[in-house]
Amino acid sequence: GISPPTLIGSGMAPPARMERFDTAQEEEAFAEHKVDMTAVGPPLPEAEVEGSPAATPAPDAAPAEWAEYAGPASDIPAPPPQPPKGAEAHVSEAAELAARQGKSVIPAYATWPSKNRFYCWGNIMTGPKEDDHLRAATWSLLIIPLLLFMLAAGPDLVRELKPLFYVVWVSFGLSVVSLIITAYTDPGIVPRNADVNAQPENGLHSRRVEADGISVVEMWCTTCRIYRPPGCTHCRDCDNCVLDWDHHCPFVGNCIGRRNYGVFTFFLGSVSILTVAMVAACAVVTMGPEWKQYYSPSRVATMGVSAILLLSLLFGLVIGCFTCFHITLILSNVTTKEWCKAKERSQLRKNRVYRLLCACFEPSMISDKVRETIPNPAFRGPGGGYTELL
């Protein structure tokens, strides 16, 4: 027989010894206690004899896998590694994919420790994939009604009021451009500390510093391992610290912060103008003489224009309320978070004009970092081990 491994100092009772027999008669004789234990293995201490109180395993003493144990301790299989979750899963997949392609070095954005996604060699970024369905809904509500209206009544609108036709298309183009910029640019992300063991100074999670001649308080972020500047907030959806964080908008699929807040406000304004123009276009078309001549409640074009009119009214009402709300925030020079929590505005935030028109041109703090080339942690050399690149 083979003795089980000794559990010294583990506080766990060893499992019952598993015996091996050459014939069924030997096994039966052993079961009836007719065979001396020393004949099939070394003697066990009295406390370890099967059936004694000390040998009775505790409910959580020995793992269930030991019931079939019959080999050295090194043969016990280790539990399978659990797949990473959240942002780490994206990092592992990107690194493993590059490793399978034989790439020993990868761009830093492939292992960027957040839920953001990067495209075009790190020049374009957006939010987490959980927002994709709402982002698709935004694009659908923006494009489909306009195309249906132009198919049903576009020629009539050109004949009745051509300037309004141009207003509709110009406001639509501005809405699309501003939505792309808002959704696919850096909102003002602050890079994380590369030192994974970084700790707050003197164990203090807040500190007072001088910035632009103003004494401000900076709070420690345990995820990014940095002291956040005033007005900077860690977004739970993107898993990044963002300057002048206003809110995370799943309908555009990105955070709204210092570098894209002005464009986001412009997007709301242009969509509001588009919805008003669409309502006016539907009214002009339906009141035209040619439209009245061919009017019929069962006509497909009539039903389509009526549906678009109702959708434009509803959509315009919602977007108009958001636009008015953000205009109020701009006049007060506060963010949505500060307004909701009744907090004082950041002392370092500049005037309203700068926030609305100029902040979007500030250089990104991560644009150079995400395009750096770093060793691929998942790349294995010819010997099968990890390759260390200098």
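Check the entry above for the structure.
Residues numbered from 1 in each chain as written. Predicted model: local features only at pLDDT ≥ 70, side-chain atom pairs only at ≥ 80, totals over all residues. Heavy atoms only, no water.

Brief notes about the overall build of the protein chain
A tally of helices and strands in the protein chain yields ten helices and twelve strands. Within the protein chain, the fraction of its 390 residues that count as buried is 39%. Long-range pairs, those at least 24 residues apart, make up 60% of the contacts in the protein chain with a sequence separation of at least 6. Accessible surface for the protein chain amounts to roughly 23,200 Å². Of this, 63% is attributable to carbon and sulfur atoms. (Helix = DSSP H or I, 4+ residues; strand = E, 2+ residues; numbered from the N terminus. Buried < 20%, exposed > 50% of the residue type's maximum accessible area, 1.4 Å probe, protein only. Contact = heavy atoms within 4.5 Å. Areas by Shrake-Rupley, 256 points an atom, 1.4 Å probe, with all protein chains shown as cover.)

Looking at the sheet that holds strand β5 (residues 206–211)
Pairing is antiparallel in the open sheet, where three strands are placed in the order β5-β6-β7. Because the sheet does not close on itself, it has two edges, and the strands there are β5 and β7 (226–228). Recorded for the sheet is a direction-independent mean angle of 45° between the axes of neighbouring strands. Relative to strand β6 (residues 214–221), β5 is paired through six bridges, and the arrangement is antiparallel. From the neighbouring strand, A211 faces β6, where its bridge partner is I214. (Pairing = 2+ DSSP bridges. Axes fitted to C-alpha atoms, helices over the stretch in contact; angles between N-to-C directions.)

A look at the environment of R349
The residue R349 is located in the loop between α8 (336–340) and α9 (352–358) in this model. It is 8.0 Å that separates the C-alpha atoms of R349 and D244, two residues lying 105 residues apart in sequence. In this structure R349 touches D244, N333, V334, T335, E338 and R355, once residues within four positions along its chain are discounted.

Focus: the environment of M278
As for its position among the elements, M278 is in helix α5 (residues 261–286). The exposure class assigned to M278 is buried, which follows from its relative accessible area of 4%. Taking the C-alpha atoms as reference points, M278 and L164, separated by 114 residues in sequence, lie 9.0 Å from one another. The contacts of M278, once residues within four sequence positions are left out, are P145, L146, F149, V168, I308 and S312.

Focus on the sheet that holds strand β8 (residues 233–235)
Judged by pairing direction, the sheet is antiparallel, and its three strands sit side by side in the order β4-β9-β8 without closing on themselves. In the strand order of this sheet, the two ends are held by β4 (189–190) and β8, each with one partner. Inspection of the sheet shows β8 paired to strand β9 (residues 240–242) by three bridges, in the antiparallel sense. Note on β9: the bridge partner recorded for T233 is V242.

So, a nonpolar patch on the surface
Taken together, the side chains of I144, L148 and L151 present a nonpolar region at the surface, about 330 Å² in accessible area. Structurally, the position occupied by L148 is in helix α3 (residues 132–160). (Patch = residues over 30% accessible without salt bridge, like charges linked within 9 Å, V, L, I, M, F, W, Y side chains within 5 Å. Salt bridge = Lys/Arg side-chain N within 4 Å of Asp/Glu carboxyl O.)

With respect to the pattern of salt bridges
Per the counting criterion, the structure on display carries ten salt bridges. Here E201 ties to R207 by a salt bridge, and the two come within 2.9 Å at their closest N and O atoms. Residue E201 is classed as partly exposed on the basis of its relative accessible area of 45%. Taking the relative accessible area as the measure of exposure, R207 reaches 28% and is therefore partly exposed.

Here we look at the nonpolar core
Ranked by internal contacts, the top residues of the largest apolar core, which has 33 residues, are L142, F149, L157, V168, V252 and M278. Those elements giving two or more residues to this core turn out to be α3, α4 (162–183), α5 and α7 (300–332). Tallying contributions element by element places α5 first for this core, with eleven residues. Those residues in contact with L157, other than ones at most four positions away along the chain, are F149, K162, L164, F165, A281, V284 and V285. (Core = buried A, V, L, I, M, F, W, Y, C linked by side-chain atoms within 4.5 Å.)

Side note on the pairing of β6
Turn length for the β5-β6 hairpin, with the two strands adjacent in sequence and antiparallel, is two residues, and the turn residue D212 shows positive phi of about 55°. Of the strand pairs in this sheet, β6 and β7 are connected by three bridges, and their pairing is antiparallel. Paired with M219 across the bridge in β7 is R228. Here β6 folds back onto β7, and the loop between the two strands holds four residues, one of which, R225, carries a positive phi near 60°.

Here's the deal with the packing of aromatic side chains
One pass over the structure, following the stated rule, counts seven aromatic pairs. Ring geometry for W220 versus Y227: centroids 5.0 Å apart, planes at 70°, classification edge-to-face. For the pair W220 and Y227, a shared accessibility class is recorded, and that class is buried. Between F325 and W339 the ring centres are 5.1 Å apart and the planes differ by 80°, which places this aromatic pair in the edge-to-face class. Placement of the pair is F325 in helix α7 and W339 in helix α8, with a sequence separation of 14 residues. You can call F325 partly exposed: its relative accessible area is 24%. Through pairs of rings, three or more aromatic residues link up here, namely F165, Y166, W169 and F172. (Phe/Tyr/Trp six-rings, centres within 6.5 Å; stacked < 30°, edge-to-face > 60°.)

A closer look at the side chain of E218
Following the sequence through the fold, E218 ends up in strand β6. The residues contacting E218, other than those within four sequence positions of it, are H205, S206, R207, V209, Y227, R228, P229 and P230.

Overview of the packing of α3 against α5
One can describe the packing of α3 onto α5 by two numbers: an axis separation of 10 Å at closest approach and a directional angle of 45°. Between α3 and α5, the angle is such that the two are oblique. Note that α3 runs across α5; the crossing there is left-handed. Every residue of α5 that contacts α3 at L142, P145, L146, F149, A153, D156, L157 and E160 is listed here: V271, L274, M278, A281, C282, V284 and V285. A breakdown of the residues in the contact of α3 with α5 according to their chemical character gives 13 nonpolar, no polar and two charged. (Parallel < 35°, antiparallel > 145°, perpendicular 65-115°, else oblique. Left-handed = near helix turned anticlockwise from the far one by under 90°. Nonpolar A, V, L, I, M, F, W, Y, C, P; charged D, E, K, R; others polar.)

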